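What the coordinates show
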Amino acid sequence: MKGLDMPMLLLTCHTSNYLVRRYFAVFTQQPTDLVVVSGQPVTLPCSIPGYHGMVLWLRDGMALGVNRDLSGYPRYDIVGDHSKGEYHLLIQRTEMQDDASFECQAIQAAIRTRPARLTVLVPPDDPVIVGAPVVSLRAGDPLNLTCHADNAKPAASIIWIRNGQVLNGAIYSKTLLRDGRRESTVSTLYLSASNIETGQRITCRASNKAVPNGKDATVTIDIQHLPLVNLSVEPQHILEGNLVKFHCSAKANPPVIHYRWAKGGNIIREVSGDTYEAIVDHSFFTEPVSCDVTNALGNTNISRNVDVYFGPRMAAEPQSLQVDQGSDAIFNCAWTGNPSLTIVWMKRGSGVVLSNEKILTLKAVRQEDAGKYVCRAVVPQVGVGEKEVSLTVNGPPTISSTQTQQALYGEKGQIKCFIRSTPPPDRIAWSWKETVLESGTSGRYTVETVSTEEGVISTLTMSNIVPADFQTIYNCTAWNSFGSDTEIIRLKEQDVFRTPICNLIHNASIGCSLTYDFFEICFRKEITFSHFFLSFLKSFRSSLLKH
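Quick caveat: nothing in here was measured; it's all calculated off a predicted structure.

Cut-offs and rules
Residues numbered from 1 in each chain as written. Predicted model: local features only at pLDDT ≥ 70, side-chain atom pairs only at ≥ 80, totals over all residues. Heavy atoms only, no water. Helix = DSSP H or I, 4+ residues; strand = E, 2+ residues; numbered from the N terminus. Buried < 20%, exposed > 50% of the residue type's maximum accessible area, 1.4 Å probe, protein only. Contact = heavy atoms within 4.5 Å. Areas by Shrake-Rupley, 256 points an atom, 1.4 Å probe, with all protein chains shown as cover. Pairing = 2+ DSSP bridges. Polar contact = N/O pair within 3.5 Å; in protein donor to acceptor, adjacent residues only side chain to side chain. Core = buried A, V, L, I, M, F, W, Y, C linked by side-chain atoms within 4.5 Å. Axes fitted to C-alpha atoms, helices over the stretch in contact; angles between N-to-C directions. Patch = residues over 30% accessible without salt bridge, like charges linked within 9 Å, V, L, I, M, F, W, Y side chains within 5 Å. Salt bridge = Lys/Arg side-chain N within 4 Å of Asp/Glu carboxyl O. Phe/Tyr/Trp six-rings, centres within 6.5 Å; stacked < 30°, edge-to-face > 60°.

Comments concerning the overall build of the protein chain
Secondary structure summary: the protein chain contains four helices and 47 strands in total. Classification of the 547 residues of the protein chain by burial places 38% in the buried group. Here the analysis covers contacts within the protein chain between residues at least 6 apart in sequence; of these, 60% occur between residues at least 24 apart. Only carbon and sulfur atoms are counted for the fraction: they give 51% of the accessible area of the protein chain, which is about 30600 Å².

Some words on the pairing of strand β27 (residues 289-295)
Within β27, seven of the seven residues are buried, which leaves it mostly tucked inside the rest of the structure. In terms of strand pairing, strand β24 (residues 258-263) meets β27 through six bridges, oriented antiparallel. Across the sheet, the residue bridging to Y259 is V293, located in β27. Here seven bridges tie β27 to strand β28 (residues 298-304), and the two strands are oriented antiparallel to one another. Looking at β28, one finds that S290 is bridged to S303.

Some words on the side chain of S458
Counting through the fold element by element, S458 comes out in strand β45 (residues 456-462). Within the local environment of S458, its side chain forms a polar contact with the side chain of W430, the two groups lying 2.9 Å apart. Not counting the four nearest positions on each side in its chain, S458 is found in contact with I415, K416, C417, I428, W430, V447, E448 and T449.

A closer look at the nonpolar core
One finds I48, W57, L89 and F102 to be the most contacted residues of the largest nonpolar core, which totals 24 residues. Counting only elements with at least two residues in this core, the list comes to β4 (42-44), β5 (55-59), β7 (76-79), β8 (88-91), β9 (100-106) and β11 (116-121). It is β9 that provides the largest number of residues to this core, a total of four residues.

Re the sheet that holds strand β21 (residues 228-234)
Reading across the sheet, the three strands line up as β21-β23-β26 and stay open at both edges, with antiparallel pairing between neighbours. Bordering the open sheet on either side are β21 and β26 (275-279), each of which pairs with just one other strand. On average, each strand axis in the sheet is inclined to that of its neighbour by 15 degrees, with strand direction left out of account. Pairing analysis gives five bridges linking strand β23 (residues 243-251) to β26, with the strands arranged antiparallel. Directly across from K245, in β26, lies its bridge partner E277.

Here we look at the side chain of S184
For S184, the location among the structural elements is in strand β18 (residues 183-191). A polar contact of 3.2 Å, which involves the side chain of S184, links it to the side chain of D150. What S184 contacts, discounting residues up to four positions off in sequence, is A149, D150, N151, S173, K174, T175 and L177.

Looking at the sheet that holds strand β19 (residues 201-208)
Ordered in space as β13-β20-β19-β15-β16, the five strands form an open sheet in which the pairing is mixed. Each of the sheet's edge strands pairs with one partner strand only, and the pair in question is β13 (134-138) and β16 (165-167). Within the sheet, the average angular offset between the axes of one strand and its neighbour, ignoring direction, is 35 degrees. Relative to strand β20 (residues 211-224), β19 runs antiparallel, the two being bridged by seven bridges.

Things to note about unusual backbone geometry
The linkage connecting E234 with the following residue, P235, adopts the cis geometry, with an omega of -10 degrees. Positionally, P235 belongs in the loop between β21 and β22 (237-239). Following N338, the chain continues to P339 via a peptide bond in cis, the omega torsion being 5 degrees. Along the chain, P339 turns up in the loop between β32 (334-338) and β33 (342-347). Positioned with a positive phi, A110 is a non-glycine residue whose angle comes to about 55 degrees. By the element assignment, A110 lies in the loop between β9 and β10 (111-112). Judged by its relative accessible area of 61%, A110 is exposed.

A few points about a nonpolar patch on the surface
A cluster of nonpolar side chains, M54, V66 and I107, forms an exposed patch at the surface whose accessible area comes to about 210 Å². By secondary structure assignment, the location of V66 is in strand β6 (residues 62-66).

Details of the packing of aromatic side chains
Scanning the entire structure with this criterion turns up nine aromatic pairs. Arranged with centres 6.5 Å apart and planes meeting at 55 degrees, the rings of F246 and W261 form a pair that is tilted. With F246 in strand β23 and W261 in strand β24, the pair connects residues that are 15 residues apart, well separated along the chain. When the centroid spacing of 5.8 Å and the interplanar angle of 40 degrees are considered together, the rings of W261 and Y276 count as tilted.

Considerations on the environment of G164
Note that G164 resides in the loop between β15 (157-162) and β16. Look at G164 and you get exposed, because its relative accessible area is 64%. With 38 residues separating them in the primary sequence, G164 and I202 have C-alpha atoms 9.4 Å apart.

Focus: the pattern of salt bridges
Scanning the entire structure with this criterion turns up 19 salt bridges. For R182, the salt bridge identified is with D179, shortest N-O distance 2.5 Å. Among the residues examined, D179 registers a relative accessible area of 33% and is labelled partly exposed. Here R376 makes a salt bridge to E386, at a shortest N to O gap of 2.7 Å. You can see R376 sitting in strand β36 (residues 371-379) and its partner E386 sitting in strand β37 (residues 383-394), a full ten residues away along the chain. Owing to a relative accessible area of 23%, R376 belongs among the partly exposed residues under this scheme. Shared partners join several salt bridges into a network, and the residues in it are R59, R75, E95 and D98.

Now the structure itself:
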């Protein structure tokens, strides 16, 4: 083992006919991820000291050849000292097909290197500007320049340069080619008429990692002369409903042929001269008035908005909301107006300003936040506008009922349970003692439920009230998908007008045989004293006559 560069493990296996020996080798050099420009050479290392078996290089899983025989790939060579176990892969001139994953394998040792990614960069072709070397346009027209740089990997970046300054605002796009690796890039530069001059030179520079300094193409701008136009507005500030005058002055060579007016892109056919008069409304603030002047070379168009003062106009109408309790409620209310308007959000019935922004956000709303909200817009010294919306809060039911309710002994009695609930309650139940009743009739008890605009009223009706009813605790419970609420209600005997004379009549009835009806008058009916006294006299007189 002294001749080896590193220690190795020798395994010996005795059989009846022969002795088998196998060395376990390891890689001392393995290929790593590399980036190379197309056309440049690159070497991928692979060293297995002391190994004398077959070595195989693979590209994207495909075998290239065994040991140093890569005859099928003329650009590939195996280099290095064979006696030291060096099987380095040399690629003399990298191409796109070399953009792949490479792996070195020792067949008899049954080991392989980690995969190494070889990334091949390709510089773009020379950039080309459409229309170069000279692009002609008419004065007043915008300039659109298109430059493309093809067959690059990665895709080329394109910048535009004028007088040593980079121009911003270009639109950039790229297209993947059929080989799935290279890309072509297109950049379009837009320059307004006021931003270009005749004789200017504009450069398109394309670059990528393969050619960081870039490649240039240059174009010269040639501007022809069209009408030079100025559009004035008098007065410059005006209240909605008043007269405004537009004047279009033009210098042109050759002379002006005609004028054309438009508002918001719609042609005003009844006007053909250099002056346009109109009664303005709010639309003149957002829809510009344009004057188009034409000569033999073409036309020039210029437009102006009018600074019209107008009251609030709704641009985005707020919508009523229904949200769950604990969620955020967000209202959006957009107004337009001139001069600048002020927005105020308030809850109806409250003087508290909640927001001065077009968006009102109520965080983690509670049921008491439900109600009407007002978005008001104010344009100083011009006008006011407002819009009302509703907020409905979904949450568990809330019961608001009198905890002690009254009834007459022996009569029909009722206790009521008032429930506010959004969404409406799924279930309402009355319970007392061992009884639970949601609807219908059970013995002396009947449950009825009525919906109103304010909520739901559930009524428990008891026929022929008995003393035990005044000792019973009644539970009214309502449920919906958010939870439940319970109210405990007691029944109290209702006071009845009862004077000492009733006690007198009650005692006298024993000896005078007063009728049962008279007894009822005293103890079961609410009557005034005068009515009771007349009844007493009649009954007493009748009793005396019998005896």
